[in-house]
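Chain residues, written in single-letter form:
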Amino acid sequence: MRVESTVTAVSWIPSESVTGAVFRVPFEVGMSHYDEPPPDSIVDIQTLLQADRARFANRLRAWIEVDDDGAIVDSGIDGAGSIGSTTLRVAGKGLTFAAVALPDRQRSEPLSESAMRFEQTAGGRTGVPAPRRVSRPPFVQMAAPLAWTTLALTLHADGRKEFELVGASPFPRHWVYDESGQLAVKSATINYQQWSTEAFGRHTPWGDTDSPAFVSEVESALERELSRHIMQSGLRPRITKLRKDQNLTRQGEEADELFLLLDGILRVDVDDEPVAEVGPGAVLGERAILESGRRTASLVAVTPCTVAVADRHSVDLSSLQQLAEGHRREDSS
């Protein structure tokens with residue numbers, strides 16, 4: 001019997017994820033661009049890359065052969081990374097810079113007679129050099145940082161399959177899709193400054209370092225629709241940043257703003273007890289708008305966070321009602 005599976009990571013640059021005045025200029029003047037969120041399901045990775053909707057992808061495929069006694073007698077790993085290009089617009093013309101893929105790093109090991117674990121790291125050097133600070137004159141170096149993801153698959157002789165995002169570059173955002181091509185988990189944090197200054201040489205998987213990845217569950221389809229509306233509507237939200245352990249809201253306070261978590265992980269506390277953690281893409285704060293005008297929970301930053309603070313009128317009330325009903329179900333589960 002053969003047991004096989006696939007897991008895919010797609011990496012893209014979300015809105016407001018580039019920090020630092022100098023680094024944001026190409027995005028703000030239209031030379032470069034942030035990416036639209038990838039689709040909820042994927043079929044053709046190359047089409048996504050060619051449409052400039054993603055920067056690179058990592059697809060890990062693996063299989064095991066199991067004999068009649070339930071022991072693994074053979075196995076294989078068959079996957080590869082794919083990397084796109086970066087297009088800048090200068091004087092009305094599009095200039096495309098090819099990225100450089102680095103060799104995929106593949107590993108496999110038996111966990112027991114009935115389980116195998118497979119890992120694959122894929123990525124490369126981004127297409128456009130970026131300024132980075134260095135400790136020697138002239139103290140600034142132009143170089144393209146590396147971006148990558150490390151995926152793992154564990155296959156069991158009884159047919160069970162497990163996957164995870166075990167490592168990733170601090171930038172950009174990484175979304176992970178299961179074997180059916182459905183969005184399953186996502187990286188929760190982005191650190192452009194760390195990436196632009198450290199993602200070189202030995203500080204990468206092609207040296208001697210990988211970066212662990214914070215991951216979060218996928219938000220609802222309604223939240224993904226609302227997040228696009230919030231960021232693209234005429235009522236542009238205010239962007240605020242939180243330190244770790246800083247409160248975004250406190251239960252009982254008066255307020256009528258809506259929040260879209262752009263980066264990081266927030267903890268939801270009710271009566272000083274944690275009830276949930278949410279990641280990027282979560283839309284929060286609708287209960288105060290719909291009900292008493294007071295916050296029904298405290299929101300606390302588990303990691304440094306970036307939050308879009310939206311006007312209550314940026315989303316229609318019927319959508320907020322659907323959102324609130326979904327959150328009530330989640331709180332009671």
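Predicted model only: the values in this text are computed from it and were never measured.

Thresholds applied
- Residues numbered from 1 in each chain as written.
- Predicted model: local features only at pLDDT ≥ 70, side-chain atom pairs only at ≥ 80, totals over all residues.
- Heavy atoms only, no water.
- Helix = DSSP H or I, 4+ residues; strand = E, 2+ residues; numbered from the N terminus.
- Buried < 20%, exposed > 50% of the residue type's maximum accessible area, 1.4 Å probe, protein only.
- Areas by Shrake-Rupley, 256 points an atom, 1.4 Å probe, with all protein chains shown as cover.
- Salt bridge = Lys/Arg side-chain N within 4 Å of Asp/Glu carboxyl O.
- Core = buried A, V, L, I, M, F, W, Y, C linked by side-chain atoms within 4.5 Å.
- Contact = heavy atoms within 4.5 Å.
- 1 Å grid on protein atoms, 1.4 Å probe; cavity = no way out; pocket = protein on both sides within 12 Å on 5 of 7 lines; lining within 4 Å.
- Points joined across faces, edges and corners; volume = space filled by probe spheres on them.
- Nonpolar A, V, L, I, M, F, W, Y, C, P; charged D, E, K, R; others polar.
- Phe/Tyr/Trp six-rings, centres within 6.5 Å; stacked < 30°, edge-to-face > 60°.
- Pairing = 2+ DSSP bridges.
- Axes fitted to C-alpha atoms, helices over the stretch in contact; angles between N-to-C directions.

Before going further, it helps to examine the overall build of the protein. Secondary structure summary: the protein contains six helices and 24 strands in total. The burial tally for the protein puts 48% of its 333 residues in the buried class. Accessible area of the protein: about 16,300 Å², with a carbon and sulfur share of 49%.

With that settled, the discussion passes to the pattern of salt bridges. Here the idea is simple: oppositely charged side chains can pair when their charged atoms come close. As enumerated under the stated definition, the model contains 15 salt bridges in all. Here Glu 119 and Arg 107 are joined by a salt bridge, their closest N and O atoms 3.1 Å apart. Placement of the pair is Glu 119 in strand β9 (residues 115-125) and Arg 107 in strand β8 (residues 105-112), with a sequence separation of 12 residues. Exposure remark for Glu 119: the relative accessible area of 18% places this residue in the buried category. In this structure, Arg 160 and Glu 162 form a salt bridge, with 3.8 Å as the shortest nitrogen-oxygen distance. Each of the salt bridges in this network shares a partner with another, and the network as a whole consists of Arg 107, Arg 117, Glu 119 and Glu 164.

Okay, the nonpolar core next. Burial of nonpolar side chains together is a common tendency in soluble globular proteins. Within the largest apolar cluster, 18 residues are counted, with the highest numbers of intra-cluster contacts made by Val 7, Ile 64, Phe 118, Leu 151, Leu 155 and Val 176. Those elements giving two or more residues to this core turn out to be β1 (2-12), β2 (56-66), β9, β12 (146-156) and β13 (161-168). In terms of residue count, the dominant contributor to this core is β2 (four residues). If near-sequence neighbours (up to four positions away) are discounted, Leu 155 is found in contact with Val 3, Glu 4, Ser 5, Ala 62, Trp 63, Ile 64, Ser 114, Ala 115, Met 116, Phe 118, Arg 160 and Lys 161. If you look at the next biggest cluster of nonpolar residues, it comprises 15 residues, including Leu 242, Phe 259, Val 268 and Ala 282.

To continue, consider empty space enclosed by the protein. Tallied over the entire structure, the rule returns one cavity of 30 Å³ or more. Together, Phe 56, Ala 57, Gly 81, Ser 82, Ile 83, Ala 101, Leu 102, Asp 104, Ala 122 and Gly 123 line the largest cavity. If you list the elements that add at least two residues to the lining of the largest cavity, you get β2, β4 (80-83) and β9. For the lining of the largest cavity, the element with the highest residue contribution is β4, accounting for three residues. Class assignment for the residues of the lining of the largest cavity results in six nonpolar, three polar and one charged.

Tracing the backbone through its elements, the reader meets Phe 118 in strand β9. Sequence separation between Phe 118 and Thr 154 is 36 residues, and the spatial gap between their C-alpha atoms is 6.3 Å.

This part takes up the packing of aromatic side chains. If you walk through the whole model with that rule in mind, you get three aromatic pairs. Centre to centre, the rings of Trp 12 and Trp 175 are 5.1 Å apart; their planes meet at 80 degrees, and the pair counts as edge-to-face. Placement of Trp 12 in strand β1 and of Trp 175 in strand β14 (residues 173-177) is noted, with a sequence separation of 163 residues between them. Comparing Trp 12 with Trp 175, the two get one shared label, buried. Summarising the aromatic geometry, the rings of Phe 171 and Tyr 192 are spaced 4.9 Å apart at their centres and angled 80 degrees between planes, so their arrangement reads as edge-to-face. Of this pair, Phe 171 sits in the loop between β13 and β14 while Tyr 192 sits in helix α3 (residues 192-198), and the two are 21 residues apart along the sequence. On the basis of relative accessibility, which here comes to 2%, the residue Phe 171 falls in the buried class. Classification of Tyr 192 as buried rests on a relative accessible area of 8%.

The next thing to look at is the sheet that holds strand β23 (residues 298-301). The strand order across the open sheet built from four strands is β18-β23-β20-β21, with neighbouring strands paired in antiparallel fashion. With partners counted over all chains shown, the strands left at the sheet margins are β18 (247-249) and β21 (273-278), one partner each. Within this sheet the neighbouring strands show an average axis-to-axis angle of 30 degrees, counted without direction. By the bridge criterion, five bridges tie strand β20 (residues 266-270) to β21 in an arrangement that is antiparallel. Counterpart to Val 268 in the pairing with β21 is Ala 276.

The four strands lie next to each other as β17-β24-β19-β22, forming an open sheet whose pairing is antiparallel. Each edge of the sheet is formed by a strand with only one pairing partner; in this case those strands are β17 (238-242) and β22 (283-284). In this structure, strand β19 (residues 258-263) lies alongside strand β24 (residues 305-310), joined through five bridges in antiparallel fashion. Bridge pairing in β24 links Leu 260 to Ala 308.

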